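Survey of secondary and tertiary structure
Letter by letter, the chains look like this.
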Amino acid sequence: MIWQAVKDSFVKLNPRVMLSNPVMFVVEIMAVLTTFFTFSALSGAHGSLWFNAQIAAWLWITVLFANFAEALAEGRGKAQAASLRRARSETRAKKLVGERVEEVSSTRLNKGDVVLVEAGEVIPGDGEVIEGIASVDESAVTGESAPVIRESGGDRSAVTGGTRVLSDWIKVRVTANPGETFLDRMIQLVEGARRQKTPNEIALTILLVGLTIIFLLVVASLEPFAMYSGARASLPVLAALLVCLIPTTIGGLLSAIGIAGMDRLLRRNILAMSGRAVEAAGDVDVLLLDKTGTITLGNRMAVEFVAAPGVTPQMLADAAQLASLADETPEGRSIVVLAKEKYNLRERDLAGLGAVFVPFSAQTRMSGVDLKEREIRKGASDAIEKYLAESGEKLPPAVNTVVEEIARKGGTPLVVAENRRVLGVIYLKDVVKGGIKERFAQLRRMGIKTVMITGDNPLTAAAIAAEAGVDDFMAEATPETKLALIRRHQSAGHLVAMTGDGTNDAPALAQADVGVAMNSGTQAAKEAGNMVDLDSNPTKLIEVVETGKQLLMTRGALTTFSIANDVAKYFAIIPALFAVTYPQLNVLNIMGLATPQSAILSAVIFNALIIVALVPLALRGVTYRPLGANAILRRNMFIYGLGGLIVPFIGIKAIDLLLVLLGLH
Ligand SMILES: Nc1ncnc2c1ncn2[C@@H]1O[C@H](COP(=O)(O)OP(=O)(O)OP(=O)(O)O)[C@@H](O)[C@H]1O
Ligand SMILES: [K+]
Ligand SMILES: [Mg+2]
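The rules behind these values
Residues numbered from 1 in each chain as written. Chains lettered and ligands numbered in written order. Predicted model: local features only at pLDDT ≥ 70, side-chain atom pairs only at ≥ 80, totals over all residues. Heavy atoms only, no water. UniProt positions renumbered as here; feature names shortened; annotations may be inferred. Pairing = 2+ DSSP bridges. Helix = DSSP H or I, 4+ residues; strand = E, 2+ residues; numbered from the N terminus. Axes fitted to C-alpha atoms, helices over the stretch in contact; angles between N-to-C directions. Contact = heavy atoms within 4.5 Å. Salt bridge = Lys/Arg side-chain N within 4 Å of Asp/Glu carboxyl O. Buried < 20%, exposed > 50% of the residue type's maximum accessible area, 1.4 Å probe, protein only. Near = heavy atom within 4 Å. Polar contact = N/O pair within 3.5 Å; in protein donor to acceptor, adjacent residues only side chain to side chain. Areas by Shrake-Rupley, 256 points an atom, 1.4 Å probe, with all protein chains shown as cover. Nonpolar A, V, L, I, M, F, W, Y, C, P; charged D, E, K, R; others polar. Donors = N, O, S within 2.8 Å, 3.2 Å for Na, K, Ca; no water. Tetrahedral: all angles 85-135°; square planar, octahedral: opposite > 155°, others 65-115°. Parallel < 35°, antiparallel > 145°, perpendicular 65-115°, else oblique. Left-handed = near helix turned anticlockwise from the far one by under 90°. Phe/Tyr/Trp six-rings, centres within 6.5 Å; stacked < 30°, edge-to-face > 60°. Lys NZ or Arg CZ within 6 Å of the ring centre and 35° of its normal. Core = buried A, V, L, I, M, F, W, Y, C linked by side-chain atoms within 4.5 Å. Domains from an automatic or database assignment. Buried area = accessible area lost by both parts, 1.4 Å probe.

As annotated in an unreviewed UniProt entry, the protein chain carries the name Potassium-transporting ATPase ATP-binding subunit and is attributed to Desulfotomaculum copahuensis. Within the UniProt record for the protein chain, the comment given under Subunit (unreviewed entry) is "The system is composed of three essential subunits: KdpA, KdpB and KdpC." According to the UniProt record, the Function (unreviewed entry) comment for the protein chain reads "Part of the high-affinity ATP-driven potassium transport (or Kdp) system, which catalyzes the hydrolysis of ATP coupled with the electrogenic transport of potassium into the cytoplasm. This subunit is responsible for energy coupling to the transport system and for the release of the potassium ions to the cytoplasm."

**Some thoughts on the sheet that holds strand E10 (residues 301-307)**
Spatial strand order, E10-E15-E14-E13-E12-E11: six strands in an open sheet with antiparallel pairing. Pairing within the sheet leaves two strands with one partner each, and these edge strands are E10 and strand E11 (356-361). Going from strand to strand, the sheet's axes swing by 15° on average, the running direction of each strand aside. Across four bridges, the pairing between E11 and strand E12 (residues 366-370) is antiparallel. Across the sheet, residue Val356 finds its bridge partner in E12, namely Asp370. Across the sheet, helix H13 (residues 330-343) touches E10, strand E13 (375-379), strand E14 (412-418) and strand E15 (421-429), and the angle it forms with E10 is around 60°.

**With respect to the pattern of salt bridges**
Applying the stated criterion to the full structure yields 33 salt bridges. Note that Arg92 is salt-bridged to Glu103, the shortest N-O span being 3.3 Å. Of this pair, Arg92 sits in strand E1 (residues 92-97) while Glu103 sits in strand E2 (residues 100-105); the two residues are eleven residues apart in sequence, bridging distant segments of the chain. Look at Glu103 and you get partly exposed, because its relative accessible area is 49%. The salt bridge partner of Glu131 is Lys171, with a shortest N-O separation of 3.5 Å. On the criterion of sequence distance, the pair formed by Glu131 in strand E4 (residues 127-137) and Lys171 in strand E7 (residues 164-174) is long-range, its members being 40 residues apart. By relative accessible area, which is 33% here, Glu131 ends up partly exposed.

**A closer look at the UniProt feature "domain: P-type ATPase A" (unreviewed entry) in the protein chain**
The UniProt feature table records "domain: P-type ATPase A" (unreviewed entry) at residues 89-191. Note that residues 89-191 is 14% helix and 44% strand, and that its end C-alpha atoms are spaced 18 Å apart.

**Remarks on the site of ligand 1**
The environment of ligand 1 is made up of 22 residues, and the closest members are Lys291, Thr292, Asp327, Ser367 and Asp456. The contact in question runs from an oxygen atom of ligand 1 to an N or O atom on the side chain of Arg300, over 3.0 Å. The contact in question runs from an oxygen atom of ligand 1 to an N or O atom on the side chain of Thr454, over 3.0 Å. In isolation ligand 1 has 620 Å² of accessible area, and contact with the protein removes 97% of it. Taken together, the elements giving at least two residues each to the shell around ligand 1 come down to helix H11 (291-295), E12, E13 and E14. Within the shell around ligand 1, the residues separate by chemical class into five nonpolar, eight polar and nine charged.

**Observations concerning the coordination of the potassium ion (ligand 2)**
Of the protein atoms, only Val243 (O), Cys244 (O), Ile246 (O), Thr248 (OG1), Asp566 (OD) and Asn607 (OD1) coordinate the potassium ion (ligand 2), at distances of 2.4 to 3.0 Å. Each of the six donor atoms bound to the potassium ion (ligand 2) contributes to angles spanning 65 to 164°, and the resulting shape is irregular. Mapped onto the polypeptide sequence, the residues donating to the potassium ion (ligand 2) form the spacing pattern V-C-x1-I-x1-T-x317-D-x40-N. Here Asn607 lies in helix H22 (residues 596-620) and Ile246 lies in the loop between helix H8 (235-245) and helix H9 (248-267), a separation of 361 residues in the sequence. Both residues of the pair, Ile246 and Asn607, belong to the buried class.

**Here we look at the packing of helix H3 (residues 22-39) against H9**
Interhelical geometry of H3 versus H9 gives an angle of 120° and a closest axis separation of 8 Å. With respect to H9, the element H3 is oriented oblique. Here H3 and H9 pass one another in a crossing that is left-handed. Note on element contacts: H9 touches H3 through Thr248, Gly251 and Gly252, opposite Val23, Met24 and Val27. Taken together, the residues that form the contact of H3 with H9 break down as three nonpolar, three polar and no charged.

**Structural notes on unusual backbone geometry**
In terms of backbone geometry, most residues other than glycine have negative phi values and most peptide bonds are trans. Positive phi is not limited to glycine here, since Arg365 has a value of about 50°. On the basis of relative accessible area, Arg365 is assigned to the buried category, the value being 11%. Even without being glycine, Ser536 reaches a positive phi, approximately 50°. Within the fold, Ser536 resides in the loop between strand E20 (531-533) and helix H21 (541-578).

**Quick look at the packing of aromatic side chains**
One pass over the full model with this rule turns up one aromatic pair. On the numbers, 6.1 Å between centres and 50° between planes, the contact of Phe305 with Tyr343 is tilted. Here Phe305, found in strand E10, pairs with Tyr343, found in helix H13; they are 38 residues apart in sequence, far enough to count as distant. Residue class for Phe305 comes out buried when judged on its relative accessible area of 6%. Taking the ring centre of Phe182 as reference, the NZ or CZ of Lys526 above it sits at 4.6 Å.

**Remarks on the nonpolar core**
Within soluble globular proteins, side chains that are nonpolar generally end up buried alongside one another. Judged by nonpolar contacts, the single largest core of 125 residues is most densely connected at Leu253, Ile295 and Met531. A domain split of this core shows at least three residues from each of domain 1 (1-80 + 189-265 + 546-662) and domain 3 (283-295 + 433-534). When near neighbours in sequence (up to four residues on either side) are disregarded, Leu253 contacts Ala69, Leu558, Ile611, Leu614, Val615 and Ala618. Ranked by size, the runner-up nonpolar core spans 39 residues in total, among them Leu322, Ala339, Met366 and Leu414.

**A few points about the domain arrangement of the protein chain**
Domain annotation of the protein chain identifies domain 1 (1-80 + 189-265 + 546-662), domain 2 (110-176), domain 3 (283-295 + 433-534) and domain 4 (300-430). Distance from the C-alpha centre of domain 2 to the C-alpha centre of domain 4: 30 Å. Contact between domain 2 and domain 4 buries roughly 340 Å² in total, counting both sides, with carbon and sulfur atoms accounting for 45%. Counting the surface domain 2 buries against domain 4, the share from its top three residues, Glu151, Ser152 and Gly153, is 70%. Summed over the shared surface of domain 2 and domain 4, the result is one salt bridge. Note that Arg333 is salt-bridged to Glu151, the shortest N-O span being 2.5 Å. Counting every contact that joins domain 2 to domain 4 gives two residue pairs in polar contact (both at pLDDT 80 or more). Broken down by class, the residue content of the side of domain 2 that touches domain 4 amounts to no nonpolar, three polar and one charged.

Written as structure tokens, this is what we have:
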């Protein structure tokens, strides 16, 4: 990998590539000019060939070191891309054309095609499960060997091309054209092929360009001044002076820091679609999570039928099953199964009954079926209440009590009504994910407020919120209210992160500053967010925030170091330049460097070496501690500001001594 990075450092010398890094581009120009000067007839007049050649060499090395830092940061992603490419290899697909199955190559599948994937087969493309349920091995993408369940209807319907079905079968509607799949995008991302500068990086680059222009003017104005005093400096000396004064340390490491940040996330199995999101994560102070599938395990299963007074449990189960036969959500399927298990109710042929199915939607929070003489609805109690109110009906008090009892236990009550008469309640049970409370406590210590948003009723929400330990919750939410909540927080000046998995979370994921979609979620959610958590673990946001903070801190620390550093180099070079003409300036020569030439050479060498010396820090990031922002700032100013001032004095002196010892000056 290091060897590859060395080779890439030379490839990156291409001026068109260098142009994206203005500070290093200036260094490259100086290297070219110095080289030209050294080997042209001009050089005879000024200075020695040996000295000029050394300056030229070290300027080139400075550029190469900066390129090396970037290439090394990219290298880790490239290795990962290679293994992802293997998962993307071509497979056979069973395309469904009407009733027929047609064998085609996976590369010829387009958006909208439907394929059948059976046990043992590789899923030929990204898509949404439209029928069936299967366990899937996603280790090719996630590196995680435990199989996951993928099923139609619910929030676990997205499948990724290149993963393998282990048991059962699924029908998948393809959602990505060849070349635009999740794996393709992942490969581009880890390779950094589509990396764009973030707003923060652009702002910093502008600052660095500003400093570069100022020093360019300073150095240019030295020339007439030096001419007047008779101590005329040669081009290589001026080039050396300029390169030492402009912020080359941060200029050389800036892009490596950004790439390394995204890479650190990737190694934690989080795919960041943009560097901007990683930066925003560093400042997030509100986290919104949806409940089902994010805070809870997400398979809300029917466990009990509680009939209303004067209704038998069989009647309730019968109506509930009828209303769920065509309901492809996991909740709907579990109701059909429970009715079969408890009351031996067999599935009936809906088409034969002339039934019209009313599918579940996040807006109505209700679903059902219309038969010739029966209109059955099931849904959230407030939704059914509204539905009943249309014909002047109300929820019976006894049913209300049951609803509250189930909700207090953290369950989801679904009220069933037939022909506007309430038959009873279905108890849907879900389980809060293990260890989640401690993780939320950790988020609180980091200064992040957690808010759970759910379509469920307030009592259920309160029970789950208490069990999971979130700071706040919002119940009976629709996609619109989720979105509005985020906007409200944002306009109050907060930076909002959102994790979710459902299609109804998609608008909110898109609006959030950091939108983390669960890999297990729907295709819509994954496309809306700017990060995907391959492990589908909502508390991973802790790692996302840590990485974001670490990225911002590392950049700040190295910028401080770089600028402090340049100040110190000033003291090494200026006295050396003018010491002969103005002996008074010798008071500035506190380093006591051997000769003016060795002083200049030492400063240039130090300037180049400090870049490689800081590569490990740039790639690893400074150590993150959960301290307040001010404390961190003070600490970093102290360490990197003071360090940046002191280190060059020691470093340049040491190099000067070494040069004298080796007789190189
Ligand atoms: N298949 C269904 N048929 C009828 N009603 C349903 C069905 N599934 C869920 N509901 C009701 O709709 C409400 C909202 O469900 P939904 O899955 O949209 O919640 P959500 O907004 O995603 O929130 P969360 O995922 O956090 O629970 C549920 O609380 C439940 O009362
Ligand atoms: K510099
Ligand atoms: Mg949901």
